[in-house]
Number of protein chains: 2
Amino acid sequence: MSPDDYLAAAERYCEARGSKLTALRRQVLALVLSQPGVVKAYQVLADLQRERGAAAPPTVYRALDFLVEQGLLHRVDALNGFIVCPHFECAHEGLILVCERCGLVEEADATNSLDMLHQAAAERGFAPRRQNLVLTGTCKECHA
Amino acid sequence: MSPDDYLAAAERYCEARGSKLTALRRQVLALVLSQPGVVKAYQVLADLQRERGAAAPPTVYRALDFLVEQGLLHRVDALNGFIVCPHFECAHEGLILVCERCGLVEEADATNSLDMLHQAAAERGFAPRRQNLVLTGTCKECHA
DNA sequence: GGGCGTAATGTTATACAATAACAATCAGGT
DNA sequence: ACCTGATTGTTATTGTATAACATTACGCCC
């Protein structure tokens, strides 16, 4: 899916959910889309400053938080970064693989093991918030 | 297991692995042990400063990195914190459950599903960094 | 013991990440 | 127009982590 198509779909998606993809939020989303793999908040901030002059950290963090909340982005804790969710529309649970070396992101189907994980948690009375699991490591190209 | 027993066991464990649990590293480990749940680097730093006067961030981070490398501690990315690994002796993949409400942290054994996850990743040529997976959600006590 | 290489620690400064607190503005409903 | 709540702007600060280099301690060989 091209960035433009993605943005259009995101627009419709937010519309349908009754949330507002404002100009600023759209711009931040576009900036994240414009780069491959994991994107950092301060990188987005720098890009935003190039495009619209003044901008401060809270501006970026608020937009990113919104986008994560909507499910358009995922936060990658291990890297203090963000990645685009390739299919926010269908609510299925994915396994996201992030290469620490090159920043490549891919998604694997791991429904079975994810179900098992949730079950293991449930056995302890623990209710996981639904989320897409992220594994960091090295991709095929990058392990020496 | 009491802190003292844990420290003694850690000592033997490092000895056996040919790594050095120096006085400083032992002290940092003791400081982490002295607190329940998740411990933050700068909290350890403050404690260390109380105990030995001067101390700077790199001192603490290096000790914590060492302890994580040895498997004595786990880093909890989602919280920028560290937890004690209760069973460093047996090689294992842990599943760490963090309650968003009360902050409780527990480590569950989920070797099977974690193995499956790694396998799913491996099928794509992806090598996950050895890590302990974190699920956030609500614990037994907390889901209303 | 003296000298050497490596690992560990100390020190200073800085980079990177995130939020607090409050002011200003905008959009929709009545 | 007016009110209300959400969004964005602004300034300042707090929290997290590492770079770069100096110094000290340890093991080893001779």
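Up top is the structure these notes are about.
I will try to describe carefully the structure that is included in this document. These figures come from a predicted structure and were not determined experimentally. Each chain has its residues counted from 1, running along the sequence as written. Key to labels: chains lettered from A, ligands numbered from 1, both in the order written. Given that this is a predicted model, residues contribute local features only at a pLDDT of at least 70 and side-chain atom pairs are listed and counted only at 80 or more, while totals for whole chains, interfaces and linings are drawn from all residues. As a rule here, side-chain values cover all heavy atoms of the structure and leave hydrogens and water aside.

A few points about the protein's contact with DNA strand D
At step 1: Here, proximity means that at least one heavy atom of the residue falls within 4 Å of the molecule or strand. Around DNA strand D there are 17 residues in total, and T22 and R62 of chain A together with K40, Y42 and R75 of chain B lie nearest to it.
At step 2: Among the atoms of DNA strand D close to the protein, meaning within 4 Å, 50% are from sugar or phosphate groups.
At step 3: For the purposes of these results, a polar contact is taken to be a pair of N or O atoms within 3.5 Å, where, inside protein, one atom must be able to donate a hydrogen and its partner to accept one; residues adjacent in sequence count only when each atom of the pair is a side-chain atom. In this structure, a phosphate oxygen belonging to DNA strand D sits 2.5 Å away from a side-chain N or O atom of T22 of chain A.
At step 4: Here K40 of chain B contributes a side-chain N or O atom positioned 2.8 Å from a phosphate oxygen of DNA strand D.
At step 5: Note on conventions: DSSP H or I runs of at least 4 residues are helices, E runs of at least 2 residues are strands, and numbering of each starts at the N terminus. Every element with two or more residues in the surface near DNA strand D is listed here: α2 (23–33) and α4 (57–70) of chain A together with α4 (57–70) of chain B.

Section: the interface of chain B and chain A
At step 1: Listed per partner, the contact involves 35 residues of chain B and 35 residues of chain A.
At step 2: Each salt bridge in this description consists of a side-chain nitrogen of Lys or Arg and a carboxyl oxygen of Asp or Glu lying within 4 Å of one another. At the boundary of chain B and chain A, one finds one salt bridge.
At step 3: The shortest N-O distance in the salt bridge between E106 of chain A and R124 of chain B comes to 3.9 Å.
At step 4: Where chain B packs against chain A, one counts four residue pairs in polar contact (both at pLDDT 80 or more).
At step 5: For the side of chain B that touches chain A, the secondary-structure elements that each account for two or more residues are β3 (94–99), β4 (105–109), α5 (111–122), β5 (127–128) and β6 (133–138) of chain B.
At step 6: For this classification, Asp, Glu, Lys and Arg are treated as charged, while Ala, Val, Leu, Ile, Met, Phe, Trp, Tyr, Cys and Pro are nonpolar and the rest, including Gly, are polar. Of the residues assigned to the side of chain B that touches chain A, the class counts are 19 nonpolar, eight polar and eight charged.
At step 7: Note on pairing: two strands pair once DSSP finds at least 2 bridges between them. Note that strand β6 (residues 133–138) of chain A and β5 of chain B share two bridges and pair antiparallel. Counted as the bridge partner of G137 of chain A is P128 of chain B from β5 of chain B. Contacts: residue pairs with any heavy atoms within 4.5 Å of one another.

Focus on the state of the cysteines
At step 1: Note that a disulfide, as used here, is simply two cysteine sulfur atoms within 2.5 Å. Throughout the structure, instances matching the rule amount to zero disulfides over all chains.
At step 2: C139 of chain B carries a free sulfur, and the closest cysteine sulfur to it, the one in C99 of chain B, is 3.8 Å from it.

Brief notes about the sheet that holds β4 of chain B
Strand pairing within a sheet occurs via backbone hydrogen bonds; the two strands may be parallel or antiparallel.
At step 1: Here we have four strands laid out as an open sheet, ordered β5(A)-β6(B)-β3(B)-β4(B), and mixed in their pairing. Two strands close off the open sheet at either side, each with one partner strand: β5 (127–128) of chain A together with β4 of chain B.

Structural notes on the relation of the copies chain B and chain A
At step 1: Mapping chain B onto chain A leaves a residual RMSD of 1.2 Å; the transformation is a rotation of 180 degrees accompanied by 0.2 Å of translation along its axis. Considering both components of the superposition, the chain copies are consistent with a two-fold axis.
At step 2: Comparing interface residues between copies, 100% of those in chain B also lie at the interface in chain A; the contact surface is shared. The copies were overlaid with a least-squares fit restricted to C-alpha atoms from residues scoring a pLDDT of at least 70 in each copy.

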